[in-house]
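Coordinate inspection notes
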Amino acid sequence: FATEAWLRERNVSSKRPASAARALTQRCRRYLSSDGRPRTPIAMNSLMTACALRASRLLCRNCTGGKLVLGDPPVDVVAPCAVTKYPVVLAHGLIEGTSFNGVKHFLREHGFSVFQTAVTSFDTVEQRARRLVPQLLECRRVTNVDKVNIIAHSMGGLDSRYAISRLGADGYVASLTTLATPHRGSCIADRVYNKSVFRVLPAVKELTRQALEQFNKETPNSGVHYFSYGGDAVVTKKNPLLYKSWKIVTQEEGPNDGVVSVTSAQWGEYVETLPLDHCELANVVCKYDARPLYLRLAQHLAENG
């Protein structure tokens with residue numbers, strides 16, 4: 001419906017948007033029981049929203065001359081690289097379609113070559129990393145460069161680390177910059193996983209502190225520059241999305257962004273603690289405009305080669 005509404009609004013005629021949207025939402029099947037009902041009450045809302053957004057964006061990119069052409073590469077590109085030596089690749093967090101609002105175009109306006117990748121929401125780190133690798137290779141192919149710089153929010157940092165250390169991406173990744181990535185897990189994931197209704201979501205277990213302890217042993221740093229940033233925000237009751245989780249993480253882990261503690265966010269060269277919450281760092285669901293922050297991150301990469 002979201003896809004068809006988008007097409008109607010722009011007077012794009014096609015008989016295929018509904019079928020395309022349905023095809024894209026097939027990824028949600030794993031979260032349904034045999035009778036077609038959602039296995040968990042929260043999974044489907046988030047997944048269907050993410051898939052609808054993704055469908056509309058894919059169709060948006062592929063609409064030319066009133067006709068739909070599906071099957072374009074999973075990333076869109078501007079080349080050549082202008083400011084950094086290598087292009088910048090944005091890797092989103094847990095849910096696809098909920099990070100980096102306006103960041104890609106903002107960086108491009110300032111001369112950077114930027115890609116935005118997409119992997120499966122709520123999937124395991126390994127599966128997400130395996131979807132990330134072909135997109136990194138596509139970035140290299142289109143821009144004809146040897147390497148890329150990755151800027152990742154939250155779980156995207158773990159996907160990138162897995163790709164670098166265990167899937168051979170260290171040969172073509174120059175640097176990894178992570179924002180609010182739970183490198184040592186989160187007590188919020190611990191609590192969510194302990195509620196059996198959420199165990200069906202593969203990502204939840206992998207974000208627990210115990211799972212990340214094992215992950216770090218199996219995923220050592222490779223010959224890549226690692227930079228990290230954390231968030232330390234004072235979340236009030238005016239932010240119902242993060243207020244309760246912020247209180248829990250504050251009690252158990254100390255300063256945090258509402259989801260990930262400053263301690264957990266540190267990996268490689270820790271650059272800075274930012275006075276922002278988890279959503280603000282992703283530039284989503286907030287009044288704060290984080291685009292200048294991402295410009296600063298890109299400039300930091302340029303300054304560091």
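My aim in this report is to walk through the structure given alongside it, one point at a time. What you see is a predicted model, and the numbers here were worked out from it, not measured in a lab. (Residues numbered from 1 in each chain as written. Predicted model: local features only at pLDDT ≥ 70, side-chain atom pairs only at ≥ 80, totals over all residues. Heavy atoms only, no water.)

Quick look at the overall build of the chain now. Along its length, the chain carries 13 helices and eight strands. Classification of the 305 residues of the chain by burial places 52% in the buried group. Look at the contacts in the chain between residues 6 or more apart in sequence, and 73% of them connect residues 24 or more apart. In the structure as shown, the chain presents an accessible area of about 14400 Å², 51% of it carried by carbon and sulfur atoms. (Helix = DSSP H or I, 4+ residues; strand = E, 2+ residues; numbered from the N terminus. Buried < 20%, exposed > 50% of the residue type's maximum accessible area, 1.4 Å probe, protein only. Contact = heavy atoms within 4.5 Å. Areas by Shrake-Rupley, 256 points an atom, 1.4 Å probe, with all protein chains shown as cover.)

Counting across every chain of the model gives nine salt bridges. Two residues, Asp159 and Arg128, come together in a salt bridge whose shortest N-O distance is 2.8 Å. You can see Asp159 sitting in helix α6 (residues 155-166) and its partner Arg128 sitting in helix α5 (residues 125-143), a full 31 residues away along the chain. The burial state of Asp159 is the same as that of Arg128; both residues are buried. The residue Arg191 makes a salt bridge to Glu252 at a minimum N-O spacing of 2.7 Å. With a gap of 61 residues between them, Arg191 in helix α7 (residues 187-193) and Glu252 in helix α10 (residues 243-253) connect regions that are remote in the sequence. When its relative accessible area of 41% is taken as the criterion, Arg191 is described as partly exposed. Among the residues examined, Glu252 registers a relative accessible area of 37% and is labelled partly exposed. (Salt bridge = Lys/Arg side-chain N within 4 Å of Asp/Glu carboxyl O.)

Positive phi outside glycine occurs at Phe100, with the angle close to 65°. Note on placement: Phe100 falls in the loop between β3 (88-91) and α4 (103-109). A positive phi angle, close to 50°, is found at Ser154, a residue other than glycine. Here Ser154 shows up in the loop between β5 (148-153) and α6.

Once that is clear, we can look at empty space enclosed by the protein. Per the counting criterion, the structure on display carries one cavity of 30 Å³ or more. If you add up the space inside the largest cavity, you get close to 40 Å³. Ala91, His92, Thr117, Val119, Arg128, Leu132, Gly156 and Asp159 together form the lining of the largest cavity. Those elements that place two or more of their residues in the lining of the largest cavity are α5 and α6. The class makeup of the residues in the lining of the largest cavity is three nonpolar, three polar and two charged. (1 Å grid on protein atoms, 1.4 Å probe; cavity = no way out; pocket = protein on both sides within 12 Å on 5 of 7 lines; lining within 4 Å. Points joined across faces, edges and corners; volume = space filled by probe spheres on them. Nonpolar A, V, L, I, M, F, W, Y, C, P; charged D, E, K, R; others polar.)

Before going further, it helps to examine the packing of α6 against helix α9 (residues 209-218). Axis separation between α6 and α9 bottoms out at 10 Å; the angle between their running directions is 30°. Taken together, the axis directions place α6 and α9 in an arrangement best described as roughly parallel. Judged by the sense of rotation from one axis to the other, the crossing of α6 with α9 is left-handed. Taking contact as the criterion, the partners of Leu158, Arg161, Tyr162 and Arg166 in α6 are, on α9, Leu212, Phe215, Asn216 and Glu218. Among the residues forming the contact of α6 with α9, the class breakdown is four nonpolar, one polar and three charged. (Axes fitted to C-alpha atoms, helices over the stretch in contact; angles between N-to-C directions. Parallel < 35°, antiparallel > 145°, perpendicular 65-115°, else oblique. Left-handed = near helix turned anticlockwise from the far one by under 90°.)

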